[in-house]
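Each chain, written out:
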Amino acid sequence: MGGILIGLSAALAFLIDGKITGISGIAGPFLRGVVLCEPWNHGQAWKGLFLVGLALGGLANLCLNQDFAFPEAFSYHPLRYVVAGICVGSGTRLGRGCTSGHGICGLPRFSLRSWIAVPTFMAVAGGTIAITRHALKVDVQKPWKVAEVQLVNWKFPVGAMAVSAILAASLLRLPGKIRTYVAPVVSGLIFGLGLGCSGMTSQAKVFDFLDVGGTWDPSLAFVMGCGLCVSFPAFFFYDKADKKPLCGGEFERPAKFGNYAELVVGASLFGCGWGLIGICPGPAVASIIPYLVVQSLDAAGLSFALCLAMIVLSWLTTDRVHKFILQRHQQTTTADQIVTVTPSETAQPLLGQGGSLQAST
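A look at the packing of helix α6 (residues 99-106) against helix α11 (residues 219-238)
Point 1. In contact at an axis separation of 8 Å, α6 and α11 are set at 60° when each is read in the N-to-C sense. By the criterion of interaxial angle, the relationship of α6 to α11 is oblique. Of the residues in α11, those touching α6 at T99, G103, I104 and C105 are M224, G227, L228, S231 and F235.
Point 2. Counted by class, the contact of α6 with α11 contains five nonpolar, four polar and no charged residues.

Focus: the pattern of salt bridges
Point 1. Applying the stated criterion across every chain, the model contains twelve salt bridges.
Point 2. Notably, a salt bridge pairs K19 with E252, separated by 3.8 Å at the nearest N-O pair. Of the two residues, K19 sits in the loop between α1 (2-17) and α2 (23-35) while E252 sits in the loop between α11 and α12 (260-277), which places them 233 residues apart along the sequence.
Point 3. The class for K19 is buried, based on a relative accessible area of 12%.
Point 4. A salt bridge links D239 to R253; the shortest N-O distance between them is 3.0 Å. Residue D239 is found in the loop between α11 and α12, and its partner R253 is found in the loop between α11 and α12; the two are separated by 14 residues along the sequence.
Point 5. Take D239: its relative accessible area is 13%, and that puts it in the buried class.
Point 6. When salt bridges with common partners are traced through the structure, they connect R109, D239, R253 and K256 into a single cluster.

Focus: a nonpolar patch on the surface
Point 1. A surface patch of nonpolar side chains, about 900 Å² in accessible area, is lined by F110, L112, W115, F232, F236, F237, Y238, F257 and Y260.
Point 2. Where the nonpolar patch is concerned, the elements lending two or more residues are α7 (112-135) and α11.
Point 3. For the nonpolar patch, the element with the highest residue contribution is α11, accounting for four residues.
Point 4. Take L112: its relative accessible area is 35%, and that puts it in the partly exposed class.

Details of the environment of G3
Point 1. Within the fold, G3 resides in helix α1.
Point 2. Linking G3 and R173, residues 170 residues apart in sequence, is a C-alpha distance of 25 Å.
Point 3. Discounting chain neighbours no more than four positions away, the residues touching G3 are S198, V223, C226 and G227.

Some thoughts on the state of the cysteines
Point 1. Considering all chains together, one arrives at zero disulfides under this definition.
Point 2. Just so you know, C63 is unpaired, no disulfide at all, and the nearest cysteine sulfur is the one on C197, 14 Å from it.
Point 3. Free cysteine: C105, not disulfide-bonded; nearest cysteine sulfur from C98 at 9.4 Å.
Point 4. With a relative accessible area of 1%, C105 lands in the buried category.

Details of α2
Point 1. The end-to-end C-alpha distance of α2 is 18 Å, a good match for the 18 Å that 13 residues give at a rise of 1.5 Å each.
Point 2. Of all the positions in α2, only I23, S24, I26, A27, G28, P29, F30 and G33 are classed as buried.

Digging into unusual backbone geometry
Point 1. In this structure, R96 takes a positive phi of about 55° despite not being glycine.
Point 2. With respect to the helices, strands and loops of the structure, R96 is situated in the loop between α5 (78-94) and α6.
Point 3. The class for R96 is partly exposed, based on a relative accessible area of 39%.

Examining the packing of aromatic side chains
Point 1. Under the defined criterion, the tally for this structure stands at 17 aromatic pairs.
Point 2. Ring centres of Y76 and F207 lie 6.2 Å apart, and the angle between their planes is 75°; this geometry places the pair in the edge-to-face category. Here the residue Y76 occupies a position in the loop between α4 (66-69) and α5, and F207 occupies one in helix α10 (residues 203-210), the gap between them amounting to 131 residues. Accessibility classification places Y76 together with F207 in one group, the buried group.
Point 3. Where F121 meets W274, the ring centres are 6.1 Å apart and the plane angle is 75°; that geometry is what we call edge-to-face. In this pair, F121 sits in helix α7 while W274 sits in helix α12, placing the two residues 153 residues apart along the sequence.

Calculation criteria
Residues numbered from 1 in each chain as written. Predicted model: local features only at pLDDT ≥ 70, side-chain atom pairs only at ≥ 80, totals over all residues. Heavy atoms only, no water. Axes fitted to C-alpha atoms, helices over the stretch in contact; angles between N-to-C directions. Helix = DSSP H or I, 4+ residues; strand = E, 2+ residues; numbered from the N terminus. Parallel < 35°, antiparallel > 145°, perpendicular 65-115°, else oblique. Contact = heavy atoms within 4.5 Å. Nonpolar A, V, L, I, M, F, W, Y, C, P; charged D, E, K, R; others polar. Salt bridge = Lys/Arg side-chain N within 4 Å of Asp/Glu carboxyl O. Buried < 20%, exposed > 50% of the residue type's maximum accessible area, 1.4 Å probe, protein only. Patch = residues over 30% accessible without salt bridge, like charges linked within 9 Å, V, L, I, M, F, W, Y side chains within 5 Å. Areas by Shrake-Rupley, 256 points an atom, 1.4 Å probe, with all protein chains shown as cover. Disulfide = S-S within 2.5 Å. Expected span 1.5 Å × (residues − 1). Phe/Tyr/Trp six-rings, centres within 6.5 Å; stacked < 30°, edge-to-face > 60°.

So, in structure tokens, the structure goes:
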């Protein structure tokens with residue numbers, strides 16, 4: 001059910017507001033706007049309200065689904081969390097997406113960039129797990145087998161599904177101005193509920209999903225599959241030039257092609273960070289308050305917060321560096337395009353019919 005909720009959130013955000021629910025593409029630009037004191041326009045407000053809803057979804061899981069959604073964070077060395085946070089932050093900004101932006105939203109748009117990014121970060125994350133668990137044996141190595149199904153209290157997922165369906169239906173009946181502000185909160189809330197129901201907020205579950213050579217947990221693959229089943233119709237039928245979001249404006253349409261070298265580097269960095277600590281941007285934002293509440297006096301909880309801080313710092317830094325490099329590249333390209341005029345070409349307009357120089361005014 002978690003995958004269905006995540007797909008529903010992506011579909012609602014796209015159909016109602018025309019937005020792509022890539023968490024790194026929402027949180028990164030929002031925080032950059034806050035730091036630079038940019039005007040509070042509709043796009044910035046939408047991002048902020050979505051993040052509020054995402055945090056509320058995490059809190060709902062903390063109150064009603066804590067044992068499954070938020071087992072204890074791993075007690076790794078803080079340096080590991082720092083390095084992983086830098087990789088996740090810089091990688092998702094360079095690659096322009098993570099599991100939600102490229103996976104749930106990019107794949108159903110038939111974006112070639114997403115179809116390259118998803119296998120890349122999945123493979124790199126799995127390779128990172130293979131190195132840390134099986135080659136270097138830094139982490140606990142588990143025997144090869146399929147993990148047992150982790151049972152969860154059915155009441156919370158069913159309740160979350162029912163509440164999400166009611167909220168989604170209610171959005172369609174709200175007046176336009178009210179819906180503009182309520183829709184992003186509802187989309188974020190449903191996304192956060194889905195992360196907790198699916199187990200994406202659990203580092204242990206993510207590690208076991210990526211560890212195909214150990215005790216493999218394939219359940220998160222079904223999360224992605226169910227999410228795509230819900231989001232696919234929205235993107236397939238409405239990602240067209242003649243379609244408009246319900247609240248007006250235009251659909252966000254990230255580039256589907258091009259810039260593949262930067263994409264692969266970014267996806268690889270993200271995969272490395274994801275494989276090191278089992279955290280990607282969406283679960284990190286939804287989990288930060290719950291883990292600080294549950295493990296406020298524990299080094300693991302503080303290290304989790306440190307990781308999110310490094311993700312945020314890497315988002316901001318990568319954007320600045322990337323913008324600087326693009327500006328320098330544009331300046332160099334413009335300089336190379338200046339036409340050098342030869343002396344004979346300069347003198348030609350000054351010659352009269354008889355060959356003598358004419359006066360220049």
